[in-house]
Amino acid sequence: TFKKKNATSQIITKGLTSKTTSKETYKVTKGKKWIKADPYGRITCKVKPAKKAKKAAVKVTCGKKSITIKVTIKK
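What comes next concerns the included structure. (Residues numbered from 1 in each chain as written. Predicted model: local features only at pLDDT ≥ 70, side-chain atom pairs only at ≥ 80, totals over all residues. Heavy atoms only, no water.)

Some thoughts on the side chain of Thr13
Argument step 1. Take Thr13: it is sitting in the loop between strand 1 (8–10) and strand 2 (24–30).
Argument step 2. Of note is the side chain of Thr13, whose polar atom sits 2.6 Å from the side chain of Glu24.
Argument step 3. Once residues within four sequence positions are removed from consideration, Thr13 is found in contact with Glu24, Tyr26 and Val60. (Helix = DSSP H or I, 4+ residues; strand = E, 2+ residues; numbered from the N terminus. Polar contact = N/O pair within 3.5 Å; in protein donor to acceptor, adjacent residues only side chain to side chain. Contact = heavy atoms within 4.5 Å.)

Some points on the sheet that holds strand 3 (residues 35–37)
Argument step 1. Pairing within the open sheet is antiparallel, and its three strands lie in the order 1-4-3. Because the sheet does not close on itself, it has two edges, and the strands there are strand 1 and strand 3. Pairs of neighbouring strands in the sheet enclose a mean axial angle of 20°, with direction left out of account.
Argument step 2. Strand direction decides the pairing type here: strand 1 and strand 4 (residues 42–45), joined by three bridges, are antiparallel. Each residue of the ladder has a partner; that of Ser9, found in strand 4, is Ile43. (Pairing = 2+ DSSP bridges. Axes fitted to C-alpha atoms, helices over the stretch in contact; angles between N-to-C directions.)

Geometric values such as these leave the question of function open.
Okay, here's the thing in structure tokens:
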């Protein structure tokens, strides 16, 4: 959950990468206007939170496995 503009959070995926040497990829699948994800797993909030919560999602892929992380931006 992000509560201010330019706040950052790091994605840690120990269980996803435990038995593989494949590279991880991070892709914003929902809410590209509100957040951005870099190749290192850092998520940054791009907008000022409003009263109504905004929802976004980031898909993390490593080899054949993938998970989706939900992000909420609210005041």
